[in-house]
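Chain by chain, the residues:
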Amino acid sequence: MDLDAFTELLTPRGLRALAEAGELVGADPVAAATTLRKTYDAALTSAALTQAGLRQRARAKFGADAGRMFFTPHGLEQATRPEVAEHRARRLLTLITPGRGRVADACCGIGGDLLALAKAGCTVTAVDADPLTAAVARANAEAFGLGDRVTVRVGDAAEVRPEEYDVLFADPARRTGKGRTFDPMAYSPPWPVVLDLVSRAGLACLKVAPGIPYEFIPDGALAEWISYKGEVKEATLWAGAGVTGGRRATLLPGGHELAATGVTAPVGPPGRYLYEPDGAAVRAHLVGEVAELVGGRLLDPMIAYVTSDAATDTPWAARYEIEDVIPFNLKKLRAALRERQIGNVTIKKRGSAVDIERLRADLRLSGDNAMVIVLTRILDKPSVILCKPSSPA
C-alpha cells in the first residue's frame, strides 16, 4: 500500500471499497480480490483488502476501535496498546500545569499515543519521517474527531524544537532494515539525537524497549516499566520539571505501582511457597521490594525467584505451593514425575540453560495429573522445584 492508494482509500469511493473488503475478511484471498475487482481498480482493491486485514489483526490490541482506525503493518506492530497510552497520558497530566498541554510528538507512528494525549486534552503537533505513516496518523486523529487538537506533518524528529512546547514525547523507531533492534544507538532517531531533544525540553516522556540497558537511562530520569496482563510491554523514561528520578513498575489494568526503596532481600532455603515476580518488577530491579511484600527471601542472590513460608496475596507475583525440591538430574526428575502420575507439565526457568522443549520430550510424561516445574539455581546449584499454583487466599 503506497501513499496514493491510501489517499484514495479515504475518499467516499475508497471507504465503500474498505467496507466491502471488511465483509470479505477471512475469505479466500483470490476470491475476495476477484469480487472487489468487479467494482474497483487493482490498486484500490489491494489497499482495501490490506487495510481490512490489518483492522482484523488490530482488534487484539485496539478492540472495537480497530474498526475505524487505519494501519500500516509495521505501525500496527509498534503502536502502543491503548491502555498503556492512556495510563501515560494520565501521568503526564499530573506533571504539567493545567492549560499547558502543548505536546510535540517527535516520532508519532500511526498515532497510538497522540490519540491518547489528544483525548486527555493535550494539543499535539506530531512528526513522522514516513509520508504514508504520517497520513495514517492524521486519518486516525480525524476518525476520532480529534483533528482540531492534532497536527501531523512529515519531518525529521531531529528538527523538532522541544523548547517551543510544554512536553516532548518521543517513541523512536526500533526497527531497521534487518528487523527489530534492541540497541538504542540503532534507534531512529539514534539515542544521541533523542538525548539532545530531551536536554532542550522542559518535560520529556520517552517510550523505549523494556530491555533498554540501564546505562542509556538519562541521569535524573524516572524509569517506569509497564506490564499489561502479565506481559512487560515497554519502558517509559520521564525527565525534566517535576520528575523525581528513580525506578518504578506499573501493572495494568489496575494501575498498581511499585517504586524502588533500596531494600535488599535476604537469601535463604526454599519455604512452602514460591513467588514469581511480575516481569515489570524484574526489569525495574524491584525483586527485593516484592520479597519484602510477601515476607520472603531469594533462593539465589542472582535469580528473581522469591520463597516464603507464608501465603501472601499480591498482584506483583504469581504464587506456587512447593511440593519438592531436587537437584537437577533428568533421571531423578523423570522418576519424581512418574511417581506423581504427571502427564502434563508447565515448565518455567530462570538461571537455567536447559532447552525446555527438549526436556519436555525427554521426560516421557504419562498420567492424569499436572504440575509446574521450575528450573533454576539455588545457591548457585542447578535445581528443580516441583510445585502447583496456589490460589489467592
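Higher on the page you've got the structure.
In what follows, the accompanying structure is described.

Let us look at the packing of helix α2 (residues 12-23) against helix α4 (residues 42-62). The N-to-C vectors of α2 and α4 enclose an angle of 55 degrees; their axes lie 8 Å apart at closest approach. The orientation of α2 with respect to α4, classified from their angle, is oblique. Two packed elements cross with a definite hand, and for α2 against α4 that hand is right-handed. Residues Arg13, Gly14, Ala17, Leu18, Ala21 and Gly22 of α2 form the contact with α4, whose participating residues are Leu44, Ala48, Leu49, Gln51, Ala52 and Arg55. Along the lines of polarity and charge, the residues of the contact of α2 with α4 split into seven nonpolar, three polar and two charged.

Time to look at the side chain of Arg81. Assignment of secondary structure puts Arg81 in the loop between α5 (73-78) and α6 (82-95). A polar contact is formed between the side chain of Arg81 and the backbone oxygen of Ala60, at a distance of 3.3 Å. If we skip the residues at most four places from it in the chain, Arg81 touches Ala60, Lys61, Tyr228 and Lys233.

With mixed pairing, the nine strands of this open sheet are ordered in space as β3-β2-β1-β4-β7-β9-β8-β10-β11. Looking along the sheet, the strands with just one partner apiece sit at the ends: β3 (150-154) and β11 (256-259). This sheet shows a mean twist of 20 degrees between the axes of neighbouring strands, independent of strand direction. With respect to the sheet, α6 is in contact with β4 (167-170), β7 (203-208), β8 (222-228), β9 (231-240), β10 (246-252) and β11, its orientation differing from that of β9 by roughly 20 degrees.

This part covers the pairing of strand β18 (residues 381-389). Residues in a regular strand point their side chains to alternate faces of the sheet. Bridge analysis of strand β15 (residues 317-327) against β18 gives seven bridges, and the strand direction is antiparallel. Bridged to Val325 within β18 is Ile385. As defined by bridge partners, strand β17 (residues 369-378) adjoins β18 across seven bridges and the pair is classed as antiparallel. Looking at the pairing, Ile373 lines up with Leu386 of β18. A loop of two residues connects β17 with β18, the two strands running antiparallel in sequence, and Leu379 in this loop sits at a positive phi of about 50 degrees.

For the rest of this paragraph, the subject is the environment of Arg13. Take Arg13: it is sitting in helix α2. Those residues in contact with Arg13 that lie beyond four places of it in its chain are Glu8, Thr39, Tyr40, Asp41 and Leu44. In terms of polar contacts, Arg13 uses its side chain to reach the backbone carbonyl oxygen of Thr39, at 3.3 Å.

Our focus in this paragraph is the pairing of β3. Here strand β2 (residues 123-128) runs beside β3; their pairing, made up of five bridges, is parallel. Across the sheet, residue Asp128 finds its bridge partner in β3, namely Val154. Each parallel crossover has a hand, and for β2 linked through helix α8 (residues 131-143) to β3 it is right-handed.

The next point concerns helix α7 (residues 112-119). Along α7, seven of the eight residues are buried, which leaves the element largely enclosed by surrounding structure. For α7, the complete set of buried residues consists of Gly112, Asp113, Leu114, Leu115, Ala116, Leu117 and Ala118. Positive phi appears at Gly121, one or two residues downstream of α7, with a value of about 110 degrees.

This part takes up the pattern of salt bridges. With the rule as written, the count across this model stands at 25 salt bridges. Two residues, Arg102 and Asp166, come together in a salt bridge whose shortest N-O distance is 3.2 Å. Taken as a pair, Arg102 in strand β1 (residues 102-105) and Asp166 in the loop between β3 and β4 lie far apart in primary sequence, 64 residues in all. Among the residues examined, Arg102 registers a relative accessible area of 38% and is labelled partly exposed. The residue Glu231 makes a salt bridge to Lys233 at a minimum N-O spacing of 3.3 Å. Look at the salt bridges and you will find they share partners, linking Arg88, Asp113, Asp171, Arg174, Lys207 and Glu234 into a network.

In this section: the side chain of Lys207. Structurally, the position occupied by Lys207 is in strand β7. Here the side chain of Lys207 touches Gln78 through a polar contact of 3.0 Å, landing on its backbone oxygen.

Counting 54 residues, the largest nonpolar core has Phe6, Phe62, Phe71, Leu114, Val124, Val150 and Val152 as the members making the most contacts within it. Ranked by size, the runner-up nonpolar core spans 46 residues in total, among them Leu197, Val208, Ala235 and Ala284.

Basis of the calculations
Residues numbered from 1 in each chain as written. Predicted model: local features only at pLDDT ≥ 70, side-chain atom pairs only at ≥ 80, totals over all residues. Heavy atoms only, no water. Axes fitted to C-alpha atoms, helices over the stretch in contact; angles between N-to-C directions. Helix = DSSP H or I, 4+ residues; strand = E, 2+ residues; numbered from the N terminus. Parallel < 35°, antiparallel > 145°, perpendicular 65-115°, else oblique. Left-handed = near helix turned anticlockwise from the far one by under 90°. Contact = heavy atoms within 4.5 Å. Nonpolar A, V, L, I, M, F, W, Y, C, P; charged D, E, K, R; others polar. Polar contact = N/O pair within 3.5 Å; in protein donor to acceptor, adjacent residues only side chain to side chain. Pairing = 2+ DSSP bridges. Right-handed = clockwise from strand over helix to strand, strands pointing away. Buried < 20%, exposed > 50% of the residue type's maximum accessible area, 1.4 Å probe, protein only. Salt bridge = Lys/Arg side-chain N within 4 Å of Asp/Glu carboxyl O. Core = buried A, V, L, I, M, F, W, Y, C linked by side-chain atoms within 4.5 Å.

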